[in-house]
Amino acid sequence: MLHAEFSNQLLDDEKQIRQEVFVSEQGFEIEFDDIDNNSTHMMLYSDDDAVGCCRFFPGEAPGEYIIGRIAVRKAYRGQSMGKRIVEMALQHIKDTGASKVSLSAQVQAKGFYEALGFRAKGDVYLDEHCPHVHMEKCL
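Engineer: Help me understand helix 1 (residues 12–25), please; the structure alone is not making it clear to me.
Structural biologist: Side chains of residues three or four places apart in an α-helix project in the same direction, reflecting 3.6 residues per turn. With 14 residues, helix 1 should cover 20 Å at 1.5 Å per step; its first-to-last C-alpha distance of 18 Å lies within 8% of that length. Of all the bends in helix 1, the greatest, near 30°, is centred on Gln-19. Within helix 1, burial applies to Glu-14, Ile-17, Arg-18, Val-21 and Phe-22. For helix 1, the secondary structure elements touched by its buried residues are strand 2 (40–46), strand 3 (49–58), strand 4 (64–72) and strand 5 (100–106). One or two steps after helix 1, the chain reaches Gly-27, where phi turns positive at roughly 80°.

Set out below in C-alpha cells:
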C-alpha cells in the first residue's frame, strides 16, 4: 500500500534517495542546501519501503510554491511513482491555498512534467552540468 509522509525536516530516507539518484546516478555535486531547512519534505512509501521523495517551499510571489528534488529509486521507476509523488505534493500544496507551482526541470524530464500540466517558461539553462528549464502550473 502506498502512503506519503510529510515533514518539516530532511528525512533520512529522503537523504538516501537523493544521494542515490542525484549524486551517484546523475553526478550532481551540490545536492543538499539551505533550502532543505525551509522546506516541507515528502516521502512516498510502498508498505515500509522508501520509494521516492520531493521537497517544496513557498516562492517569492504571493500564492506560489516551488517543488523540487523529485526522485524515485531505480527499482520503482516505470510504475508511475514519480507521477504519484508530484500529484500528492500538488494536492498538499493546493491545500495551503497556493495558486501556482514552479519547478526547475531537467530537460530530459520536460515531457513528464508537461503530462502533469506544467508548461515551460523561458530558455534552457545549466544547473551544474545538466540542461534545465523553468516550468509552471496553475492550481
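Engineer: Could you clarify how one ought to interpret the pattern of salt bridges in this entry?
Structural biologist: For side chains bearing opposite charge, pairing can occur when the charged atoms are close. By the definition in use, this model includes 12 salt bridges. Measuring nitrogen to oxygen at the nearest pair gives 3.0 Å for the salt bridge that ties Glu-20 to Arg-73. Within this pair, whereas Glu-20 is found in helix 1, its partner Arg-73 is found in the loop between strand 4 and helix 2 (81–95), the two being separated by 53 residues in sequence. For Glu-20, a relative accessible area of 27% puts it in the partly exposed group. When the shortest N-O distance is used, the salt bridge between Glu-136 and Lys-100 registers 3.6 Å.

The rules behind each value
Residues numbered from 1 in each chain as written. Predicted model: local features only at pLDDT ≥ 70, side-chain atom pairs only at ≥ 80, totals over all residues. Heavy atoms only, no water. Helix = DSSP H or I, 4+ residues; strand = E, 2+ residues; numbered from the N terminus. Expected span 1.5 Å × (residues − 1). Bend = angle between axes of the 7 residues up to and from the residue. Buried < 20%, exposed > 50% of the residue type's maximum accessible area, 1.4 Å probe, protein only. Contact = heavy atoms within 4.5 Å. Salt bridge = Lys/Arg side-chain N within 4 Å of Asp/Glu carboxyl O.

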